[in-house]
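Observations on chain architecture
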Amino acid sequence: RRRRPTVADDATDEEVLEAIVKALHAAERPLSDATILMDADNKGSVGGKGIADGMDQLGWNMPEGRASDFCAAFSAAGDGRIANPDFLKMLGDAERKLLAPPRVKLADDCSDEAIFRALLEKLDENGIPIPGVAGLVDPNRTGNMNGVNLKDCLSGLGVDISQDRACELVKDYTMDPSGQHMPTKGFVALLQAQSKKL
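1. Quick notes on the overall build of the chain
Counting its regular elements, the chain contains 10 helices and six strands. In terms of C-alpha radius of gyration, the chain reaches 23 Å, well past the compact-globule figure of 16 Å for 198 residues. C-alpha atoms of the chain, sized along the principal axes, occupy 70 × 40 × 30 Å. Sorting the 198 residues of the chain into buried and exposed places 39% on the buried side. As displayed, the chain has an accessible area near 11200 Å², and 50% of this comes from carbon and sulfur atoms. Distance between charge centres in the chain, computed from 24 positive and 32 negative side chains, equals 3 Å.

2. Re the nonpolar core
Core analysis: the largest hydrophobic core is formed by 27 residues, its most contacted members being I20, M38, I51, M55, F70, F87 and L91. Elements supplying a minimum of two residues to this core: α1 (13-26), α2 (33-38), α3 (48-57), α4 (64-74) and α5 (84-99). Broken down by element, the residue count for this core peaks at seven residues, all from α1. Discounting residues that sit within four places of it in the chain, F70 has contacts with D13, V16, L17, I51, I82, F87 and M90. L119, L157, M182 and L191 belong to the second-largest nonpolar core, a separate cluster that totals 26 residues.

3. Here we look at the pattern of salt bridges
Evaluated as defined, the whole model comprises 12 salt bridges. The closest approach of N and O atoms between D53 and K49, which form a salt bridge, is 2.7 Å. Here D53 pairs with K49, and both are found in helix α3, just four residues apart, close to one helical turn. Given the relative accessible area of 49%, K49 is considered partly exposed. Several salt bridges converge on common partners, so that one network encompasses K89, D93 and R96.

4. Here we look at α1
An ideal rise of 1.5 Å per residue puts 20 Å on 14 residues; α1 measures up with 20 Å between its terminal C-alpha atoms. Taken residue by residue, α1 has V16, L17, E18, A19, I20, V21, A23 and L24 as its buried positions. For α1, the secondary structure elements touched by its buried residues are α2, α3, α4 and α5. Taken from the residues just after α1, E28 is the one with a positive phi, measuring 55°.

5. Notes on the state of the cysteines
The tally for this structure, following the rule as stated, stands at zero disulfides. Cysteine C153 shares no disulfide, and the gap to the nearest cysteine sulfur, in C167, comes to 14 Å. Taking relative accessible area as the criterion, C153 reaches 5% and is therefore assigned buried. Of the residues examined, C167 reaches a relative accessible area of 30% and is grouped as partly exposed.

6. What to know about the packing of aromatic side chains
All told, the structure shown has two aromatic pairs when counted by the stated rule. Ring plane angle 55° and centroid distance 5.1 Å describe the contact between F70 and F74, whose orientation is recorded as tilted. Remark: F74 and F70 occur in helix α4; sequence separation between them is four residues, near one turn of the helix. Overall, the relative accessible area of 34% leaves F74 in the partly exposed class. Ring geometry for F116 versus Y173: centroids 5.5 Å apart, planes at 75°, classification edge-to-face.

7. Notes on the side chain of D33
Here D33 is to be found in helix α2. Taking the relative accessible area as the measure of exposure, D33 reaches 14% and is therefore buried. Among the polar contacts listed, one links the side chain of D33 to the side chain of R29, at a separation of 2.7 Å.

About the cut-offs
- Residues numbered from 1 in each chain as written.
- Predicted model: local features only at pLDDT ≥ 70, side-chain atom pairs only at ≥ 80, totals over all residues.
- Heavy atoms only, no water.
- Helix = DSSP H or I, 4+ residues; strand = E, 2+ residues; numbered from the N terminus.
- Rg over C-alpha atoms; globule rule 2.2 N^0.38 Å.
- Buried < 20%, exposed > 50% of the residue type's maximum accessible area, 1.4 Å probe, protein only.
- Areas by Shrake-Rupley, 256 points an atom, 1.4 Å probe, with all protein chains shown as cover.
- Lys, Arg positive; Asp, Glu negative; His and termini not counted.
- Charge placed at Lys NZ, Arg CZ, Asp CG, Glu CD.
- Core = buried A, V, L, I, M, F, W, Y, C linked by side-chain atoms within 4.5 Å.
- Contact = heavy atoms within 4.5 Å.
- Salt bridge = Lys/Arg side-chain N within 4 Å of Asp/Glu carboxyl O.
- Expected span 1.5 Å × (residues − 1).
- Disulfide = S-S within 2.5 Å.
- Phe/Tyr/Trp six-rings, centres within 6.5 Å; stacked < 30°, edge-to-face > 60°.
- Polar contact = N/O pair within 3.5 Å; in protein donor to acceptor, adjacent residues only side chain to side chain.

Right, here's the structure in full:
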């Protein structure tokens, strides 16, 4: 007999939500079934016991105490219960996080090529054409972009890089005497040239 998946007593709130999403996925139940299972009395909200019982039906062990603490932490009414619409929204957010592609982490000693490759791959994944990067690295349409803009752009696309490394890349390619920023158009042209090389 397969061991039942168990949520730890010291699981984080995020792990509690993830476990509920995973349990529903494994049972091939839609997220909306969470309230059917966990609000069996139709109170319009879920509490610790309801979550523990619902998870039990889905074949998971969820400590009732941990479920109750979770509900207390997110109870808008302060009654230790979470209103069903709020609960379903939290599950939806947790599901999106779970299904999102994993973040890419670039080390400080990574090559410029590795940064360009990661940026190009993420643009492709998100269906953004290379010229579309202009709005991401220069959101205020100033005509210039800098390392901080590049870091924010990468972060938004799911790539983690240090600000120092992002600034270094701009410095490597800019004609600006300060080395701080470069024309947004120049960055787009640089990326297009890189895409042909990579």
